[in-house]
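What follows is each chain in one-letter form.
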Amino acid sequence: MSGAAGLARLIAMSRLARRASILLAAITLTAGCAPGLSTPPDFATDSGSEGGATTETSAPPAGPPAIAAPADDLSWTDCTTRISAAAGVPAPAGVKLECASFQAPMDPIGGGTGQLSIGAVKASSTSTPTDAGPVVFTTGSDLPSSLQLPAWLHRSGVDILAKHPIVAVDRRGMGSSDPIECRNPADRRDMRDQTQFSSGNDPVTRLGAITLTATTDCTDALANNAAYNNAHAGEDLEKLRSTWDVPALALIGVGNGAQVALSFAGAHPDKVARLVLDSPLPLTIGAEAAAQQALAGAQDALDVFAAQCAASACALGPDPKAAVTALLDDARADRGPAGMSVAVLVNAIITALGYPQGDGAENTRRLADALNAARGGDAGALTELVRAAEARTGTDGEFINRCSDEFNRPTPDRVRELVVAWGKQYPQFGSVAALNLVKCLNWPTSAEPTEPKELKVDVLLMGARNNPIVGSEGVAATAATVINAGATSRRVMWQGVGNGASIYSACAMPPLLSYLGEGNLPQTDTFCPA
């Protein structure tokens with residue numbers, strides 16, 4: 001046999017051995033969590049489509065960009081006490097919160113003039129390396145990122161600080177960004193109550209008249225009412241990146257924040273170091289579909305709450321769901337606790353479920369005690385839940401951002417149909433959710449977004465089985481978006497109640513930390529217990 005032939009045979013045998021080693025590789029399980037089935041070899045490896053064959057390369061493929069420290073950082077000042085008090089949770093021992101702002105162009109997409117201030121809060125601890133690159137965190141328009149950050153740090157979010165500081169960026173007009181106050185206080189109150197206490201038999205017409213006035217007031221007050229959607233929020237992240245003078249950002253987006261992060265990644269695929277989309281919705285989802293997904297999630301969350309409540313012999317008695325329904329029915333009949341409208345009561349319950357305090361059992365007991373006391377005439381604890389909900393979701397900035405993101409809105413007649421249909425399908429929350437669609441019907445429609453055409457980093461997807469804020473169906477839809485953009489994803493699914501697996505499940509933290517470290521996805525999907 002010639003030397004050339006022998007060499008060819010040795011190469012062939014080496015390739016066979018290499019393929020065999022790939023097929024026999026063991027799958028590592030995440031501690032404390034139950035991983036799902038691994039994906040087929042063609043997807044689990046970056047191999048070709050013919051039987052998982054490997055492709056010869058002269059060098060291993062480059063990994064994702066590093067999470068770099070800012071070359072030109074913001075001017076941070078300590079604000080630990082103020083932000084912790086606003087969030088209602090103390091900062092963990094050794095954790096410092098610092099506030100800063102940066103100037104962003106009003107409309108970098110449309111080319112308009114003007115600037116506005118974007119607020120940011122940085123969390124670090126005594127163990128955070130001084131030269132570590134930051135992880136950027138956003139909750140979008142669901143609530144100010146700066147308020148959710150302390151709640152996350154009070155749980156397992158503090159684990160990230162061992163390697164990276166976390167920088168929460170607020171959306172325009174929300175939290176620590178330039179504030180917006182444009183609605184008449186009476187209009188703001190009537191929108192909150194869905195005009196329940198106003199005269200007239202058609203709630204869609206009543207609420208529509210108020211929202212028309214509120215929309216006019218706000219669009220008149222804004223320098224550019226087209227500059228408050230997800231795409232512009234994504235460009236604010238690009239401005240932060242360029243201000244820092246770093247090659248790429250590591251992003252964690254939760255709820256609407258996942259849409260903001262995906263908008264940035266789609267517009268700037270070369271400038272993403274990590275991309276974590278927790279409880280996402282597709283960028284192109286219509287207003288009605290998004291509302292129904294959130295409504296289904298709220299119903300699921302209520303069912304879980306009622307089951308946990310009954311199992312623990314909570315204050316609401318043997319049938320907690322019936323007790324909640326009776327309280328809501330009284331509110332619909334203008335007999336709500338402390339004069340609350342049914343919309344205010346629904347918002348307080350959903351917000352308490354979506355942003356739990358303590359573990360699941362503790363939050364269930366807290367909400368049950370507040371509702372039961374209100375049944376007996378003491379609405380003090382429930383009123384505190386209402387105030388907390390309004391502080392998170394009732395601002396003018398939230399109204400403007402949320403309406404700017406909505407498109408394919410239903411007509412008033414369609415809303416009337418949904419009030420009836422959803423009221424039957426989801427008897428506790430359905431009619432309120434349908435009427436909420438009226439609030440944005442008069443807002444000017446932004447350009448319809450498009451899904452990313454290219455993503456250059458693999459994506460870690462997360463979600464909660466019972467998410468009362470955005471629902472749970474968006475994870476699967478976003479996974480399809482990632483595939484179509486040429487990237488790979490893995491899922492971490494928490495079986496509990498709340499808006500964000502990364503926020504409320506300690507089990508979700510190990511795969512998240514691993515991904516932030518090297519940019520490598522888990523080998524399998526992961527399922528975390530409630």
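Residues numbered from 1 in each chain as written. Predicted model: local features only at pLDDT ≥ 70, side-chain atom pairs only at ≥ 80, totals over all residues. Heavy atoms only, no water.

1. A few points about the overall build of the protein chain
At step 1: The number of helices and strands found in the protein chain is 19 helices and eleven strands.
At step 2: For the protein chain, the residues scored as buried account for 54% of the 530 residues in total.
At step 3: In the protein chain, the proportion of contacts linking residues at least 24 apart, taken out of those at least 6 apart, comes to 76%.
At step 4: For the protein chain, the accessible area works out to roughly 22,200 Å², and carbon and sulfur atoms hold 54% of it. (Helix = DSSP H or I, 4+ residues; strand = E, 2+ residues; numbered from the N terminus. Buried < 20%, exposed > 50% of the residue type's maximum accessible area, 1.4 Å probe, protein only. Contact = heavy atoms within 4.5 Å. Areas by Shrake-Rupley, 256 points an atom, 1.4 Å probe, with all protein chains shown as cover.)

2. As for the pattern of salt bridges
At step 1: What the rule picks out here adds up to 24 salt bridges.
At step 2: Linking glutamate 238 and lysine 271 is a salt bridge whose minimum nitrogen-to-oxygen distance equals 3.3 Å. Here glutamate 238 is found in helix 7 (residues 230-244), whereas its partner lysine 271 is found in the loop between helix 8 (256-267) and strand 8 (272-278), with 33 residues between them in sequence.
At step 3: Glutamate 238 sits in the buried class, given a relative accessible area of 10%. (Salt bridge = Lys/Arg side-chain N within 4 Å of Asp/Glu carboxyl O.)

3. Things to note about the packing of helix 11 (residues 342-354) against helix 12 (residues 360-375)
At step 1: Interaxial distance between helix 11 and helix 12 falls to 10 Å at its minimum, and their mutual angle equals 160°. Between helix 11 and helix 12, the interaxial angle falls into the category roughly antiparallel. Here helix 11 runs over helix 12; the crossing is right-handed. Here Leu345, Ile349, Ala352 and Leu353 of helix 11 come into contact with helix 12, specifically with Asn363, Leu367 and Leu371. (Axes fitted to C-alpha atoms, helices over the stretch in contact; angles between N-to-C directions. Parallel < 35°, antiparallel > 145°, perpendicular 65-115°, else oblique. Left-handed = near helix turned anticlockwise from the far one by under 90°.)

4. Description of the packing of helix 9 (residues 287-311) against helix 12
Describing two packed helices takes the angle between their axes plus the distance from one axis to the other.
At step 1: Close contact between helix 9 and helix 12 brings their axes to 10 Å; oriented N to C, the two are set at 90°. The angle between helix 9 and helix 12 places the two elements in the roughly perpendicular class. Where helix 9 abuts helix 12, its residues Phe305, Gln308 and Cys309 lie against Gly360, Thr364, Leu367 and Ala368.
At step 2: Per-class residue counts for the contact of helix 9 with helix 12 are four nonpolar, three polar and no charged. (Nonpolar A, V, L, I, M, F, W, Y, C, P; charged D, E, K, R; others polar.)

5. Observations regarding the state of the cysteines
At step 1: By the definition in use, this model includes five disulfides.
At step 2: Cysteine 403 shares a disulfide with cysteine 440; S-S distance 2.0 Å. With the S-S bond torsion at -75°, the cross-link from cysteine 403 to cysteine 440 turns out left-handed. Note that cysteine 403 is positioned in helix 14 (residues 396-405) and cysteine 440 in the loop between helix 16 (430-436) and strand 9 (459-466), a separation of 37 residues in sequence.
At step 3: Assessed through its relative accessible area of 1%, cysteine 403 is described here as buried.
At step 4: One disulfide in the model links cysteine 507 with cysteine 528; its S-S distance is 2.1 Å. A torsion of -75° about the S-S bond marks the disulfide between cysteine 507 and cysteine 528 as left-handed. In this pair, cysteine 507 is assigned in the loop between helix 18 (501-504) and helix 19 (509-518) and cysteine 528 in strand 11 (residues 524-528), connecting sequence segments 21 residues apart. (Disulfide = S-S within 2.5 Å.)

6. A word on the side chain of glutamine 428
At step 1: Here glutamine 428 lies in the loop between helix 15 (412-425) and helix 16.
At step 2: Side-chain polar atoms of glutamine 428 contact the side chain of glutamine 299, separated by 3.3 Å.
At step 3: Glutamine 428 has contacts with Gln299, Leu302, Lys321, Thr325, Leu328, Arg332 and Val346, leaving out every residue within four places of it along the chain. (Polar contact = N/O pair within 3.5 Å; in protein donor to acceptor, adjacent residues only side chain to side chain.)

7. Concerning the packing of aromatic side chains
At step 1: For the coordinates displayed, the defined rule picks out three aromatic pairs.
At step 2: Each ring, one from tryptophan 494 and one from tyrosine 504, has its centre 6.4 Å from the other, and the planes form 25°; the classification is stacked. Taken together, the residues span a long stretch of sequence, with tryptophan 494 in strand 10 (residues 489-497) and tyrosine 504 in helix 18 at a distance of ten residues. For the pair tryptophan 494 and tyrosine 504, one class covers both residues: buried. (Phe/Tyr/Trp six-rings, centres within 6.5 Å; stacked < 30°, edge-to-face > 60°.)

8. Structural notes on helix 7
At step 1: Between its first and last C-alpha, helix 7 extends 21 Å over 15 residues, near the 21 Å set by a 1.5 Å rise per residue.
At step 2: With eleven of 15 residues buried, helix 7 lies mostly within the body of the structure.
At step 3: What helix 7 keeps buried is the set Asn230, His232, Ala233, Gly234, Glu235, Asp236, Leu237, Glu238, Leu240, Arg241 and Trp244.
At step 4: Positive backbone phi, at 60°, marks aspartate 245, one or two positions downstream of helix 7. (Expected span 1.5 Å × (residues − 1).)

9. Notes on the pairing of strand 7 (residues 249-254)
At step 1: In terms of burial, strand 7 is largely enclosed, as six of its six residues are buried.
At step 2: Of the two faces of strand 7, the one holding Leu249, Leu251 and Gly253 and the one holding Ala250, Ile252 and Val254 are both buried throughout.
At step 3: Here strand 5 (residues 135-138) pairs with strand 7 via four bridges, running parallel. The residue of strand 7 that forms the bridge with threonine 138 is glycine 253.
At step 4: Strand direction decides the pairing type here: strand 7 and strand 8, joined by six bridges, are parallel. By the bridge assignment for strand 8, isoleucine 252 is matched with valine 276.
At step 5: One crossover worth recording links strand 7 to the parallel strand 8 by way of helix 8, and it is right-handed. (Pairing = 2+ DSSP bridges. Right-handed = clockwise from strand over helix to strand, strands pointing away.)

10. Observations concerning the pairing of strand 4 (residues 115-125)
At step 1: In terms of residue burial, strand 4 counts as a mostly covered element, since ten of its eleven residues are buried.
At step 2: Sheet analysis places strand 3 (residues 95-105) next to strand 4, joined by eleven bridges and oriented antiparallel. By the bridge assignment for strand 4, leucine 97 is matched with alanine 123.
At step 3: When strand 4 meets strand 6 (residues 166-169), the two strands line up antiparallel, connected through four bridges. Its bridge partner being in strand 6, alanine 123 is matched across the sheet by isoleucine 166.

11. Description of the nonpolar core
At step 1: Membership of the largest hydrophobic core comes to 148 residues, with the highest contact counts inside it found for Leu149, Trp152, Leu275 and Leu512.
At step 2: Beyond its immediate stretch of four places on either side in the chain, leucine 275 contacts Leu251, Ala261, Leu262, Ala265, Leu455, Val457, Asp458, Val459, Leu460 and Tyr515. (Core = buried A, V, L, I, M, F, W, Y, C linked by side-chain atoms within 4.5 Å.)

12. Quick word on the confidence of the model for the protein chain
At step 1: When pLDDT is averaged along the protein chain, the result is 89; 88% of the residues meet or exceed 70.
At step 2: Contacts of residues 1-61 to residues separated by more than four positions or lying in other chains number 48 contacts, the stretch itself having pLDDT below 50. (pLDDT = per-residue confidence, 0-100.)

13. Describing the environment of proline 511
At step 1: Mapped onto the elements, proline 511 comes out in helix 19.
At step 2: Since its relative accessible area comes to 4%, proline 511 is described here as buried.
At step 3: For the pair proline 511 and arginine 490, spaced 21 residues apart in the sequence, the C-alpha separation amounts to 9.9 Å.

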